[in-house]
There are 4 protein chains.
Amino acid sequence: MLRYLTAGESHGQNLTAILEGIPSGLGLTREDIDNELKRRQVGYGRGGRMKIESDRIEILSGVRFGKTIGSPVTLLIRNRDWENWRERMSVEQVSGERPSETRPRPGHADLAGAVKYHHTDIRNVLERASARETAARVAVGAVAKKLLKEFRIDVISHVVRIGSIAVESGNLSFADIGEQAEGSPLRCADREAEARMIAAIDSALAQGDTLGGVCEIRVRGCPPGLGSYAHWDRKLDARLAFALVSIPAVKGVEIGLGFEAASLPGSQVHDEIGHNGETFTRLTNRAGGIEGGVSNGEDIVTSVAMKPIPTLGRPLRSVDVRTKDPFEAHKERADVCAVPAMGVIGEAVVAFEIAGALCEKFGGDSMNEMKRNFDGYMKQVREFSSS
Amino acid sequence: MLRYLTAGESHGQNLTAILEGIPSGLGLTREDIDNELKRRQVGYGRGGRMKIESDRIEILSGVRFGKTIGSPVTLLIRNRDWENWRERMSVEQVSGERPSETRPRPGHADLAGAVKYHHTDIRNVLERASARETAARVAVGAVAKKLLKEFRIDVISHVVRIGSIAVESGNLSFADIGEQAEGSPLRCADREAEARMIAAIDSALAQGDTLGGVCEIRVRGCPPGLGSYAHWDRKLDARLAFALVSIPAVKGVEIGLGFEAASLPGSQVHDEIGHNGETFTRLTNRAGGIEGGVSNGEDIVTSVAMKPIPTLGRPLRSVDVRTKDPFEAHKERADVCAVPAMGVIGEAVVAFEIAGALCEKFGGDSMNEMKRNFDGYMKQVREFSSS
Amino acid sequence: MLRYLTAGESHGQNLTAILEGIPSGLGLTREDIDNELKRRQVGYGRGGRMKIESDRIEILSGVRFGKTIGSPVTLLIRNRDWENWRERMSVEQVSGERPSETRPRPGHADLAGAVKYHHTDIRNVLERASARETAARVAVGAVAKKLLKEFRIDVISHVVRIGSIAVESGNLSFADIGEQAEGSPLRCADREAEARMIAAIDSALAQGDTLGGVCEIRVRGCPPGLGSYAHWDRKLDARLAFALVSIPAVKGVEIGLGFEAASLPGSQVHDEIGHNGETFTRLTNRAGGIEGGVSNGEDIVTSVAMKPIPTLGRPLRSVDVRTKDPFEAHKERADVCAVPAMGVIGEAVVAFEIAGALCEKFGGDSMNEMKRNFDGYMKQVREFSSS
Amino acid sequence: MLRYLTAGESHGQNLTAILEGIPSGLGLTREDIDNELKRRQVGYGRGGRMKIESDRIEILSGVRFGKTIGSPVTLLIRNRDWENWRERMSVEQVSGERPSETRPRPGHADLAGAVKYHHTDIRNVLERASARETAARVAVGAVAKKLLKEFRIDVISHVVRIGSIAVESGNLSFADIGEQAEGSPLRCADREAEARMIAAIDSALAQGDTLGGVCEIRVRGCPPGLGSYAHWDRKLDARLAFALVSIPAVKGVEIGLGFEAASLPGSQVHDEIGHNGETFTRLTNRAGGIEGGVSNGEDIVTSVAMKPIPTLGRPLRSVDVRTKDPFEAHKERADVCAVPAMGVIGEAVVAFEIAGALCEKFGGDSMNEMKRNFDGYMKQVREFSSS
């Protein structure tokens, strides 16, 4: 069973994750993780803090001589800005006046969180509710991705909508999508749409507004048979939805056709089954690679909707939790759109869920053992499928 | 911790669920559950089997003299058709020829499930992957609903789309939606749209086609503070997404504005915060009652997209798993649309997740204790919120 | 992941268990389970109810034509005495006076349970706290045992102490212990001690007293590598201790030498390692087959201490929960000793834990797949171990 | 739900734990934790490394201005000796020859762990299987203890046996046991026995041998009603057994009378119930504070048996995993007995389990809320119990 916990405040000393259950013998370097951390930090539409961050991983346990050894992996990311926050974020009691944050921002966890935990200083909420935490999840996802690569499973994402601008649903191959998104400042595989998205972001910035959008996350190479229909809480699509909606600001998720499947007649929704002489095929992939909660061997396709960043240049009305006086929440900032980053985070959480399902199905304590089990199953699948 | 397991094949002897963690002292009758089972079975667009079923619950444990006693609750629903299937679904080995189902239906778990579990008789898959299982989940949800009622928390659903026909997004109150949906054969609160939906269903039936749609599920009365931003796997919206996507045929889920939030600028998405002299208010509820993974006291609003029923009157191409010969999958049937039922199932799984979150936050082994804890917290919230 | 829930009151309609996670293709018959249920019910020292019970299993789901199909297995045991209790254990509200049990018995969960769940009728506690529930666990364990048998793993138990009478720690082989215990009315492998134990039971009965004792539970054929040292909650010995102490009336558990290991010097406790030319050997098995939380391939040996049955013929003082008046708790009965049954229950819970660890390590959704993975690992172990 | 993960190798950079689920508002300082870390490190019979360690905690998250804020708590302990191990424990690949540990020590996880994870360098096993990991668990337990203190629940331990020397079972009060153990170099509350234990340790050292022993761990102030009889995996005694047996080298655990209960007749085992006019009383506490898996308000008493340290001065036979050549495992060292430390670790894991059960029963996200719920329940208990 693969599992992890993350910890850390946005302006605390660092973020930490402990990842438990990775088999021994998986090659893992800092670069593997730093690459993903970097991918999370780029993207047109982000303001200044991203530069401050420039995250780098420290692997504190579970890896020796470049390979996992089967014990829990500790991942640590220092917050570069920590020195400036040392006092305001002090672990110890401090004497004297402590400035308290009493103004909840609309669209954030601030007010609901303060009520729940009985906080009068809202900083106690926002420090942890911040999307900063996703850096730790991306680090965990990077390990999962490395594991998946050993089984030739790839996870990619691309931006398909920013605000009102959407890409044309095209016929790009998996490889092309991945490559073109990687070369785009917006992580968008459609150059024409990208230009209009950039213009939309610039325009929103000028108006003190922000934009959300939609990313598509795809998995290629997943064997058929991950997840299960046998019990509701083992369905692979449900697990992906759980992971994706847990990303801050995500308000919707789709598998395959998603909501479009609700609008079309059945004859245009279900994927017919064929056979190419060697193996079963599906003539389309409207299901997004999962039927009955079980992967079917096609690409897994999910779409994820993110709301706009809640901290605007334009004022939003709110109320001080102490005085109950109204005030206007706003902030001069250059952060307009975090959708490209969300795609990278989405890859990470999807990679973790697929890796988890893989570990469950194939067991194994070393990569050798896990691969042997995987190979044996793939042979079984081929025999089942071949004429 | 509230938890449950379900079991049972579609044409087996019965469905069973064991629900563990319900406090003692909750009033519970068979009628409470039978009402929900019945609600699941009605709905324009369903064919013949619904009549065969006419599900009735048997409570086999955990309830005494009309009240829960703190021990696990066993819920059993007999499959009325069982006698006709006794042989084909025999638990024991039978001598002689056993007819084997070797033809996977597109859009079902049939093929992926057979590959996973190494079944050559696809009946071993379809019996459990069938939506019949949801009857057990509705029964569990009925108990959860009863628990929620003690805290004045209500869960309703209504159909907002069937195929290409959608309701106008209106200004109906929570109570009106619930009432009008309940009186509608399609569980639709908009009479005008309902008429067109019925026409669309009739037309699909005539063409041997099927239709999906969208339900909205709403929760009223949820206290602020369920779920948590503190760790990703405790977010209430993620848990709801998990539960909803685990319903068969669901391909998408939204919280609040959902995908629309990805298209609009931030200034039109976030809910401003006010104060009415007594308590904090939100001027809108675009977030759907959850911010940062935490309920904020507003109505929780989720939308769920269901694909059309995969068994059509029109043929879909498939391939026999044994012979690898192509065949055409189709069936004469009157089942065109199961969206109203999906709404009821959605209520059940949402009720269970909310009840679970409630039990975690308030603890308590008896209803008295749980209510005392709840009341204490609500007083704390009022004091936090009042000027 | 193997998991199960049980439900049912001692005098309710039945006991139920749902077992989730068993691979497809495991041969399973009612006899497999009935045999274990019967073994639980025999044993010198038990009184009358055992005859009333004569438990028989009904398999309601998850098995078809004599084999598991991968979906959850429902196991149901009817309480034969139910008709006599129908009114007192009514699920529905009943009109008129309901006799209430207000007298907590010492040594039972009665008082602590009533306080916890706020029950004034102690029957609401004792019905579920009764050891009757273990019948469901034995049924679950019977399925686990059947799974283990496919991997040539056997689980046996024998009584090694009744009250002050203990067996001589002898040199019986695993097979001899199993066989001789099976032929003994007390499940004791030492005929000489058995005779004295029977005398002790007879004497206790005459005095209105009861006796506890100790069982040893052994597992043969466990591969090395189940459990893990990598995280505390994955240790195999901890999981066995959890399962064994969860059996009613168990007050202690030992792995290998157990408490004796605390009295001896290290040079007499640790098992030296040898090699026989083909594989590693251990010259002794004082560790009881588990080192560092990991099975080492030797027999797993655990001892479990059970306190005497708390309902005595001789009076014990107690206090009525309603009136607070003192009374004397006692009962005319022939139940003096349940230790042999405890051994059978211990086998069941140990079998479940080993089967769970096996499923985790080897994965697999069908028996074929699981066995292939197991065989691959055993080959790897042999190659690791051979010169 | 309280949960935690630990990570870190014995000679790695540090140990880390992430603890999730602690309510906000709990006062917590480094001293709270350092005190416990120090208690773990003292004790007659330990050799040199204890001095090297002198563990100190760093709290990296979850605490602000001396109080928990509801987000996960990161606890980090640096390994002082790390600099000397930097190369041998390098996370990165190193060029050149790497010395490999191929000699498994009897009594350790070395061989079973190497087989499981397919390690040829046994250091990959022993670094994580080392008891060093318990420092992280003691840190977690220190937080749990701080939480318990807010509810006036105390956890203490004392050594009751070292090798063949046992304390007389005396009549010391809870407070006296705690105080006298705290003042003893062996954490033994019996001065006379202590002297003989010290002599035994000195003698073992002279012979190159080691000694195990038994600790008793007691909890005072636990409310009645923690744990549950309603489902086997919620029993408090089972959870304590799980946690205690997960401590390295523990081979047995007892609740209350433990194995002695198996030897005595029922009339000498069960605790009679009384009433003192105000509340129910128990005339004895042979059950060790738990009946039917539920705390009954009496002191919780458990005994834990630890085997001797497996690394002896005297040689034990073993076999090299690469060459299969026999060798003699031994080491010049002053570590003879780690039983006092085990008691402190036992306190930690018991404190964690009790704190977890408390959080489940009383819920609550802030200390205020949790205490209000606790107080309400205690009032209910008093009303239930008073005449």
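All of the points below concern the structure found in this document. (Residues numbered from 1 in each chain as written. Chains lettered and ligands numbered in written order. Predicted model: local features only at pLDDT ≥ 70, side-chain atom pairs only at ≥ 80, totals over all residues. Heavy atoms only, no water.)

1. Looking at the environment of N373 of chain A
Residue position: N373 of chain A is located in helix α11 (residues 367-385). Sequence separation of N373 of chain A and P185 of chain A is 188 residues, and the distance between their C-alpha atoms is 40 Å. In this structure N373 of chain A touches F362, G363 and G364 of chain A together with F362 and N373 of chain C, once residues within four positions along its chain are discounted. (Helix = DSSP H or I, 4+ residues; strand = E, 2+ residues; numbered from the N terminus. Contact = heavy atoms within 4.5 Å.)

2. A few points about the interface of chain C and chain D
In this assembly, 112 residues from chain C lie in contact with 112 residues from chain D. Carbon and sulfur atoms make up 65% of the surface buried where chain C meets chain D, a total of about 8600 Å² over both sides. Its largest share of buried area at the contact with chain D, chain C owes to Y229, W232 and K251 of chain C, together 11% of the area lost on that side. A salt bridge links R317 of chain D to E272 of chain C; the shortest N-O distance between them is 2.8 Å. Counting across the interface, chain C meets chain D through 43 residue pairs in polar contact (both at pLDDT 80 or more). Its residues placed into classes, the side of chain C that touches chain D shows 54 nonpolar, 34 polar and 24 charged. Pairing geometry for strand β10 (residues 250-255) of chain C and strand β10 (residues 250-255) of chain D, over three bridges, is antiparallel. Each bridged residue has a counterpart across the sheet, and for G252 of chain C the counterpart in β10 of chain D is E254 of chain D. (Buried area = accessible area lost by both parts, 1.4 Å probe. Salt bridge = Lys/Arg side-chain N within 4 Å of Asp/Glu carboxyl O. Polar contact = N/O pair within 3.5 Å; in protein donor to acceptor, adjacent residues only side chain to side chain. Nonpolar A, V, L, I, M, F, W, Y, C, P; charged D, E, K, R; others polar. Pairing = 2+ DSSP bridges.)

3. A word on the pattern of salt bridges
Residues and elements named next belong to chain B. In total, this model carries 138 salt bridges over all chains according to the counting rule given. E58 is the salt-bridge partner of R78, the closest N and O atoms lying 2.6 Å from each other. A residue pair is termed long-range when its members are at least 10 positions apart, and R78 in strand β6 (residues 73-78) and E58 in strand β3 (residues 57-61) qualify at 20 residues. Judged by its relative accessible area of 22%, E58 falls in the partly exposed class. As a salt-bridge pair, K149 and D154 come within 3.8 Å of each other at their nearest N and O atoms. Residue class for K149 comes out exposed when judged on its relative accessible area of 51%. Among the residues examined, D154 registers a relative accessible area of 31% and is labelled partly exposed. (Buried < 20%, exposed > 50% of the residue type's maximum accessible area, 1.4 Å probe, protein only.)

4. What about the interface of chain A and chain C?
Taken together, the contact between chain A and chain C spans 24 residues of the former and 25 residues of the latter. The contact between chain A and chain C buries some 1800 Å² in all, and 33% of this surface belongs to carbon and sulfur atoms. At the junction of chain A with chain C, the criterion picks out eight salt bridges. Residues E369 of chain C and K361 of chain A are paired through a salt bridge, measuring 2.8 Å at the closest nitrogen-oxygen approach. For the pair chain A and chain C, the interface holds 16 residue pairs in polar contact (both at pLDDT 80 or more). Secondary structure elements with two or more residues in the side of chain A that touches chain C: α10 (339-362) and α11 of chain A. At six residues, α11 of chain A tops the list of elements feeding residues into the side of chain A that touches chain C. Tallied by class, the residues present in the side of chain A that touches chain C amount to five nonpolar, ten polar and nine charged.

Don't take any of this as a statement about function, it's just geometry.
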